[in-house]
Amino acid sequence: MSNTPATKIYVAGHRGMVGSAIVRQLLAAGHPQSHIVTRTHADLDLTDQLAVRSFFAEEQPEQVYLAAARVGGIHANNTYPADFIYDNLTMQVNVVEAAFRHGVKRLLFLGSSCIYPRMAPQPMAEEALLTGPLEPTNEPYAIAKIAGIKLCESYNRQYGQSHGIDYRSVMPTNLYGPGDNYHPENSHVIPALIRRFHEARIAKSPVVTIWGTGTPMREFLYVDDMAAASVHVMNLPKQLFDQYTLPMLSHINVGWGSDISIADLARAVSRAVGFEGSIQFDTSKPDGTPRKLMDSRRIHALGWRAQTDLESGLSRAYADFLNTHVPSL
């Protein structure tokens, strides 16, 4: 299916960081707002199968971006494991099944880098999936995301030829940018650092202390680059997509292509925020996994590369923080 401005597209999770970026990307590509279908959680509970079926029957979208998910940090994953596995499994099953039932030919499922084994070789290639134990703290969430990949693959294998469907999956690395969660306890590393350095700058604190040694390596991707990758993968010709994937190994990693130490990241965030004090590292605190880097060669071969370098991305992320969160602090 060609991605023309006349295509009716449903973006599930349009208020989240990734979903809102996909909407921005589609609008920038010339899709009229009237052809981009969205629903808030209050209007459509994706864990309600009958409501989801009714929505698809009414709207009849031609493409679906499945960016809706229940997400959270380590604390939330450890505290609510049942909610994380149930809600994510149920949303995925309901949306994919209703999409198929109502004739959606193209669907893109968005997963997470946590699908890979805790000790996967670095960089993590798509082939590492299901080769070892997962990180225990977010295993329920990871299992749900793996199920989402296999759900799409299973529908393709059973109905691809008979019904002409083509459901694909992309796995982003760590994302940051507009729409991020800056909660002091539950946010990920970049938004947490943005908030801490901002508060330290305002308070004129002489030092900011970072947990750990600063040596772990992490990869980060600006969310609008992820949205561009999602649209790119959604609209790849099937013949080209099939050249680089297998029916039971069809997901595609999306990363920046290189990683950075937490220490260098902290220094980069401090520059973006304008914090002029010093940075200390509390080496009594845990470091976590030494390295997490995605192998993005597959998507590079398919014609996409990230465009937003870390310095530019952090500057935009801080502007978003100032615009959306500072007035309420």
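Relevant structure appears above.
Below you will find a few notes about this structure. (Residues numbered from 1 in each chain as written. Predicted model: local features only at pLDDT ≥ 70, side-chain atom pairs only at ≥ 80, totals over all residues. Heavy atoms only, no water.)

Okay, the overall build of the chain next. The number of helices and strands found in the chain is 11 helices and 13 strands. By the compact-globule yardstick of 20 Å for 329 residues, the chain fits well, its C-alpha radius of gyration being 20 Å. In terms of overall dimensions, the chain has C-alpha extents of about 65 × 40 × 40 Å along its principal axes. A burial count over the chain gives 51% of its 329 residues as buried. Counting contacts in the chain only where the partners sit at least 6 residues apart, residues at least 24 apart contribute 82% of the total. As presented, the chain carries roughly 15,000 Å² of accessible surface, and 53% of it is formed by carbon and sulfur atoms. The average position of the 29 basic charges and that of the 31 acidic charges among the side chains of the chain differ by 2 Å. (Helix = DSSP H or I, 4+ residues; strand = E, 2+ residues; numbered from the N terminus. Rg over C-alpha atoms; globule rule 2.2 N^0.38 Å. Buried < 20%, exposed > 50% of the residue type's maximum accessible area, 1.4 Å probe, protein only. Contact = heavy atoms within 4.5 Å. Areas by Shrake-Rupley, 256 points an atom, 1.4 Å probe, with all protein chains shown as cover. Lys, Arg positive; Asp, Glu negative; His and termini not counted. Charge placed at Lys NZ, Arg CZ, Asp CG, Glu CD.)

Reading across the sheet, the six strands line up as E2-E1-E3-E4-E5-E10 and stay open at both edges, with parallel pairing between neighbours. Strands with a single pairing partner mark the edges of an open sheet, and in this sheet they are strand E2 (36-37) and strand E10 (252-254). Relative to strand E4 (residues 106-110), strand E3 (residues 63-66) runs parallel, the two sharing four bridges. Its bridge partner being in E4, Tyr65 is matched across the sheet by Leu108. Most of the contacts of helix H4 (residues 81-101) go to E3, to which it runs at about 175°, and overall it touches E3, E4 and strand E5 (166-172). Here helix H7 (residues 223-234) sits on the sheet in contact with E3, E4, E5 and E10, set at roughly 145° to E4. (Pairing = 2+ DSSP bridges. Axes fitted to C-alpha atoms, helices over the stretch in contact; angles between N-to-C directions.)

Quick look at the sheet that holds strand E8 (residues 217-218) now. Read from one edge to the other, the open sheet built from three strands follows the order E11-E8-E13, with strand pairing classed as mixed. With partners counted over all chains shown, the strands left at the sheet margins are strand E11 (260-261) and strand E13 (291-292), one partner each. Pairing of E8 with E11 involves two bridges; the strand directions are antiparallel. By the bridge assignment, Met217 is partnered in E11 with Ser261.

Our focus in this paragraph is the side chain of Ser270. Take Ser270: it is sitting in helix H9 (residues 262-273). Here Arg267 takes part through its backbone oxygen, which lies 2.7 Å from a polar atom of the side chain of Ser270. In this view, Ser270 contacts Phe197, Phe275 and Ile279; residues no more than four positions away in its chain are not counted. (Polar contact = N/O pair within 3.5 Å; in protein donor to acceptor, adjacent residues only side chain to side chain.)

Here we take up the pairing of E4. In terms of burial, E4 is a largely internal element, five of the five residues being buried. Alternating positions in E4 separate into two faces, Arg106, Leu108 and Leu110 on one and Leu107 and Phe109 on the other, with burial throughout. Across five bridges, the pairing between E4 and E5 is parallel. Within E5, the residue paired with Leu110 across the bridge is Val170. As a crossover connection, the stretch from E4 through helix H5 (residues 139-163) into E5 is right-handed. (Right-handed = clockwise from strand over helix to strand, strands pointing away.)

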